[in-house]
Amino acid sequence: AHSRLLGPAQIRALATELGVRPTKTLGQNFVHDANTVRRIVAGSGVGADDIVLEVGPGLGSLTLALLGTVSRVIAVEIDPVLAARLPATVAEYAPTRSAAFDVVTADAMTVRADDLPAAPTALVANLPYNVAVPVLLHLLARCPTLQTALVMVQAEVADRLAAGPGGRIYGVPSVKARYFGEVSRAGAVGRNVFWPEPKVESGLVRVQRHSRYSDDPEVRAKVFAVIDAAFAQRRKTMRSALAGWAGSAAEAERRLRAAGIDPQIRGEKLDVDDFVRLAQVPAGD
Ligand code: SAM
């Protein structure tokens, strides 16, 4: 069953009806271009068996495209005015759909798997840009059934997330995202597909879960603590950057050597595997 999609006229009409004044704090930029939402859905690789978690459905642009493709969409929207209008929009634009649709009015930064009516297999979202990285990492951590994610974020953030070790833009988001899966860039999106137009270009990022590392929250927190410490002072060697984390530079050096890492190296040269090994080294006395 095909859904009709929202174009500029429909977005404007919905915004007027709801009295929506898009807020920057909530990253409210609505897509009014059917090709863009089709590209996002195609790029996500989701199919008829998928239960999709969509964060920030807004006026429903991407939601409608998803409903034509997957078995169920669970939309998590923080803005109660937008959330309340979605079921009617779905009924109006996708009247013959077979996909189930639920909207959960909640903050995606703190939502838990238990708050959702079903376990999602894929995350597909045009994320609110100011909280894109924490939302993505939170959901990968809290919803272990998510096998893939395809998210639209600010282009710079997309580059950062997808960067591998060695480069200047490789940092905390790049390493943490790699803890959960393989991360890659999946295309660019211009500013003119949004209302209102954002000041920045956008990009798509894909995460394919690999389940290589523990999903025990305590183990993960230990690994993430070393990552945070390593990048807090980018220009320092690991030996001195990790002095606070380990208790002293000498103890940092001992743990680095035990993990097979050169203490003189900088954090940006290390991959997630190095950080996982380092976090596992028992503390000395
Ligand atoms: N998906 C829609 C589209 O493509 O047109 C809207 C995308 S807009 C960039 C981001 C959406 O996320 C807005 O609807 C906003 O209200 C919502 N949002 C912002 N912060 C949120 C949060 N913490 N949890 C859930 N939704 C949030």
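Just so you know, these numbers come straight off a predicted model, no measurement behind them.

## Concerning the site of the ligand
Within the structure, the ligand sits among 24 residues, and Gly56, Gly58, Ala108, Asn126 and Pro128 are positioned closest to it. Contributions of two or more residues to the shell around the ligand are made by β1 (30–31), α3 (61–67) and β3 (72–77). Classifying every residue of the shell around the ligand gives 14 nonpolar, seven polar and three charged.

## Digging into the UniProt feature "binding site: S-adenosyl-L-methionine" (unreviewed entry) in the protein
The UniProt record annotates "binding site: S-adenosyl-L-methionine" (unreviewed entry) at Asn29, Val31, Gly56, Glu77, Asp107 and Asn126. Its place among the elements puts Glu77 in strand β3. Taking the C-beta count within 10 Å as the criterion, Glu77 has 25 such neighbours and is therefore assigned buried. Beyond its immediate stretch of four places on either side in the chain, Glu77 contacts Gly56, Pro57, Leu82, Ala83, Val103 and Thr105. For Asn126, the position within the fold is in strand β5 (residues 122–126).

## Comments concerning the sheet that holds β3
Ordered in space as β4-β3-β2-β5-β6-β9-β7, the seven strands form an open sheet in which the pairing is mixed. The sheet is open, and its two edges are formed by β4 (100–105) and β7 (181–189), each paired on a single side. For this sheet the average axis-to-axis angle between neighbouring strands, irrespective of direction, equals 20°. Of the strand pairs in this sheet, β7 and strand β9 (residues 202–209) are connected by seven bridges, and their pairing is antiparallel. Within the sheet, the bridge partner assigned to Val189 lies in β9 and is Ser202. Together, β2 (51–55), β5, β6 (148–154) and β9 form the strand contacts of helix α5 (residues 132–142), whose direction differs from that of β6 by roughly 170°. Here helix α6 (residues 155–162) sits on the sheet in contact with β6, β7 and β9, set at roughly 30° to β9.

What counts, and where the lines are drawn
Residues numbered from 1 in each chain as written. Predicted model: local features only at pLDDT ≥ 70, side-chain atom pairs only at ≥ 80, totals over all residues. Near = placed C-beta within 6 Å. Helix = DSSP H or I, 4+ residues; strand = E, 2+ residues; numbered from the N terminus. Nonpolar A, V, L, I, M, F, W, Y, C, P; charged D, E, K, R; others polar. UniProt positions renumbered as here; feature names shortened; annotations may be inferred. Buried ≥ 20, exposed ≤ 12 C-beta atoms within 10 Å, placed from the backbone. Contact = placed C-beta atoms within 7 Å. Pairing = 2+ DSSP bridges. Axes fitted to C-alpha atoms, helices over the stretch in contact; angles between N-to-C directions.

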